[in-house]
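Residue-level listing of the chains:
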Amino acid sequence: MSTFVIEGGHKLSGSITPQGAKNEALQVICSVILTPEKVTISNVPDIIDVNKLIFILGELGVKINRLNEDTYEFQADDIDLEYLESDKFKKDGSSLRGSIMIVGPLLARFGKGYIPRPGGDKIGRRRLDTHFEGFINLGAKFRYNTDEKFYGVEAEYLTGTDMLLEEASVTGTANIIMAAVLARGITTIYNAACEPYIQQLCKMLNSMGAKITGVGSNLLKIEGVKNLGGCSHRILPDMIEIGSWIGMAAMTKSSITIKNVSWDNLGLIPRVFQKLGINLERRGDDIFIPEQENYEIQNFIDGSILTISDAPWPGFTPDLLSIILVVATQAKGSVLIHQKMFESRLFFVDKLIDMGAKVILCDPHRATVIGMNHESSLKATVMTSPDIRAGISLLIAALSAKGKSTIHNIEQIDRGYQNIDERLRAIGAKITRVAAN
Ligand SMILES: CC(=O)N[C@H]1[C@@H](OP(=O)(O)OP(=O)(O)OC[C@H]2O[C@@H](n3ccc(=O)[nH]c3=O)[C@H](O)[C@@H]2O)O[C@H](CO)[C@@H](O)[C@@H]1O
Ligand SMILES: C=C(OP(=O)(O)O)C(=O)O
């Protein structure tokens, strides 16, 4: 377990460039399984989760050629399906959430897809029903080994159909799309997730020869094709990282420019930070955040207290709520944070309370934050990162706190943030990585 030691209370300045999006990378890298031809993907983030997925593809027999630091060429022309039944795969596949998305493409192209219960953040129940109901609708046979927690789907071929998803699951939608592109006939997916990650996946698949319409909406129409070919694809900047840096600038009273953010793909993200009173300017495709001594939370028009909650896209992403919460601790005013999707993502507020933040955890889904308007700073402390977004939120809290904080279990942060300590040091953060013995 490695650790960050952070000396807080220093202003940051300069510019930071977001990495490629983790959640898009996990989808588009899985899609290379759909074709025997070469696929080139650029702006791939160098993070633990993505590297684990690339490793799994390599074990599956995909040829992987790293063309430069962030660009890979993949070729799935000699897949070893036996690996899927090995103990090794049961271990490798369960180490991240994104591995679940190899199932759809494997099923579509090879007639079978297996996966151990995937990992990812322990932030409450994370069911996979949407994925497997989708495959079953396309004609696959499903089995689940409860002892081994091992899922499997098989089909000689898949047949397009109309389906209405019970929930707009992000990875579930991606998985079903990747299965349906090679199915016989037409599939419609209603209540589809439509995050930029999904839009990017659809654009990439279309450039490989798929026929997907409705991209960006919650109703997708997919006309199955016989084969897909190669393509080149560039991953968008990581919108969750961008939100993290906006929050970090406000909490540390710093002036920061976030470069090349692909503003048009950020949805409500800038607006929600503005509701906390944070000034930010669009400059070309950059976001400039000026130094601000204070930021004041806007109430609703009728004067009632602001609520910020998550919702499937184009609603506000749940992955930024922990960051919004920490930033609110130093705002002027109060806000209710309502994390609707996940059951255990707000428990980290105990650490913020230890640091002096005024937060009431109303129940596992809701927390009221009474901002301190920077009148007293958070106190440095020792903490452990429970999940990726709580981890970055605690890191932001530590950067704003007076004194030396320690964050253990930073692998949880590294799995989604590339070289974070080095990049933050470049803009003035005093952060040191202490490797595990
Ligand atoms: C690798 C990856 O891409 N992970 C993301 C993906 O996870 P993932 O695809 O695993 O998450 P899902 O979209 O399936 O659902 C997340 C949770 O929200 C609940 N739910 C979902 C949809 C809905 O309409 N109502 C609802 O309550 C689900 O029951 C589940 O508990 O999407 C999540 C939701 O944006 C993000 O937090 C994760 O970062
Ligand atoms: C919850 C997240 O990731 P994962 O789905 O990989 O656990 C996240 O990125 O915030």
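The rules behind these values
- Residues numbered from 1 in each chain as written.
- Chains lettered and ligands numbered in written order.
- Predicted model: local features only at pLDDT ≥ 70, side-chain atom pairs only at ≥ 80, totals over all residues.
- Helix = DSSP H or I, 4+ residues; strand = E, 2+ residues; numbered from the N terminus.
- Rg over C-alpha atoms; globule rule 2.2 N^0.38 Å.
- Buried ≥ 20, exposed ≤ 12 C-beta atoms within 10 Å, placed from the backbone.
- Contact = placed C-beta atoms within 7 Å.
- Pairing = 2+ DSSP bridges.
- Axes fitted to C-alpha atoms, helices over the stretch in contact; angles between N-to-C directions.
- Parallel < 35°, antiparallel > 145°, perpendicular 65-115°, else oblique.
- Nonpolar A, V, L, I, M, F, W, Y, C, P; charged D, E, K, R; others polar.
- Domains from an automatic or database assignment.
- Near = placed C-beta within 6 Å.
- Core = buried A, V, L, I, M, F, W, Y, C linked by C-beta atoms within 7 Å.
- UniProt positions renumbered as here; feature names shortened; annotations may be inferred.

Chemist: Which residues make up the overall build of the protein, and what are the values?
Modeler: Counting its secondary structure elements, the protein contains 14 helices and 23 strands. In terms of overall dimensions, the protein is globule-like: its C-alpha atoms have a radius of gyration of 22 Å, near the 22 Å expected for 437 residues. Residues classed as buried in the protein amount to 49% of the 437 residues present. Summarising the internal contacts of the protein: among those between residues at least 6 apart in sequence, 72% fall at separations of at least 24.

Chemist: A description of the sheet that holds strand 19 (residues 359-363) should follow, citing residues and the corresponding values.
Modeler: An order of 17-18-20-19 is seen for the 4 strands of this open sheet, with the pairing classed as mixed. Among the strands making up the open sheet, the edge pair consists of strand 17 (306-309) and strand 19. Taking each pair of neighbouring strands and ignoring which way they run, the sheet shows an average axis angle of 20°.

Chemist: How would you summarise the packing of helix 6 (residues 170-180) against helix 7 (residues 196-207) if you had to cite specific residues and measurements?
Modeler: Look at helix 6 against helix 7: their axes get within 10 Å of each other, and the N-to-C directions meet at 10°. In terms of axis orientation, helix 6 runs roughly parallel to helix 7. For the pair helix 6 and helix 7, contact is made by Val170, Thr173, Ala174 and Ile177 and by Tyr197, Ile198, Leu201 and Cys202, respectively. For the contact of helix 6 with helix 7, the class distribution of residues is 7 nonpolar, 1 polar and no charged.

Chemist: Which residues make up the domain arrangement of the protein, and what values do they have?
Modeler: In terms of domain boundaries, the protein breaks down into domain 1 (3-19 + 237-434) and domain 2 (22-234). Of the residues that constitute the side of domain 1 that touches domain 2, the class distribution is 6 nonpolar, 5 polar and 7 charged.

Chemist: Tell me about the site of ligand 1, and name the residues and values.
Modeler: Near ligand 1, the surroundings consist of 18 residues, among which Asn23, Ser169, Val170, Thr171 and Met341 are the closest. Counting only elements with at least two residues in the shell around ligand 1, the list comes to helix 1 (22-30) and helix 6. Sort the elements by how many residues they give to the shell around ligand 1 and helix 6 lands first, with 3 residues. Taken together, the residues of the shell around ligand 1 break down into 7 nonpolar, 6 polar and 5 charged. Each of domain 1 (3-19 + 237-434) and domain 2 (22-234) gives at least three residues to the shell around ligand 1.

Chemist: Explain the environment of Gly356 residue by residue, including any values.
Modeler: Along the chain, the position of Gly356 falls in the loop between helix 11 (349-354) and strand 19. Along the chain, Gly356 and Leu378 lie 22 residues apart, while their C-alpha atoms are 5.5 Å from each other. What Gly356 contacts, discounting residues up to four positions off in sequence, is Ser376, Leu378 and Lys379.

Chemist: Tell me about the nonpolar core, and please be specific about residues and values.
Modeler: Core analysis: the largest hydrophobic core is formed by 139 residues, its most contacted members being Ile29, Ile177, Ala179, Val181, Ile324 and Leu395. Taken together, domain 1 (3-19 + 237-434) and domain 2 (22-234) each give at least three residues to this core, which thus spans both. Ignoring anything within four residues of it in the chain, the contact list for Ala179 reads Gly104, Leu107, Ala108, Phe135, Leu138 and Leu158.

Chemist: Quick rundown of helix 6? Include the residues and the values.
Modeler: Along helix 6, 11 of the 11 residues are buried, which leaves the element largely enclosed by surrounding structure. Along helix 6, the residues that are buried comprise Val170, Thr171, Gly172, Thr173, Ala174, Asn175, Ile176, Ile177, Met178, Ala179 and Ala180.

Chemist: Can you lay out the sheet that holds strand 9 (residues 162-164) for me, pointing to particular residues and giving the numbers?
Modeler: Taken in spatial order, the 4 strands of this open sheet run 9-10-12-11, and their pairing is mixed. Unpaired on one side and paired on the other, strand 9 and strand 11 (211-213) mark the two borders of the sheet. Taking the axes of each pair of neighbouring strands and ignoring which way they run, one obtains an average angle of 15° across the sheet. For strand 10 (residues 186-190) and strand 12 (residues 219-223), the ladder comprises 5 bridges, and the chain directions are antiparallel. Bridge pairing links Tyr190 to Leu219 in strand 12.

Chemist: So what's going on with the UniProt feature "binding site: UDP-N-acetyl-alpha-D-glucosamine" (unreviewed entry) in the protein? Which residues, and what values?
Modeler: As recorded in UniProt, the feature "binding site: UDP-N-acetyl-alpha-D-glucosamine" (unreviewed entry) lies at Arg97, Asp319 and Met341. Residue position: Arg97 is located in the loop between helix 3 (87-93) and helix 4 (103-110). With 19 C-beta atoms packed within 10 Å, Arg97 lands in the partly exposed category. Its location among the elements puts Asp319 in the loop between strand 17 and helix 10 (321-328). Residue classification places Asp319 among the buried residues on the basis of 24 C-beta atoms within 10 Å. Ignoring sequence-local partners within four residues, the contact set of Asp319 consists of Ile240 and Arg389.

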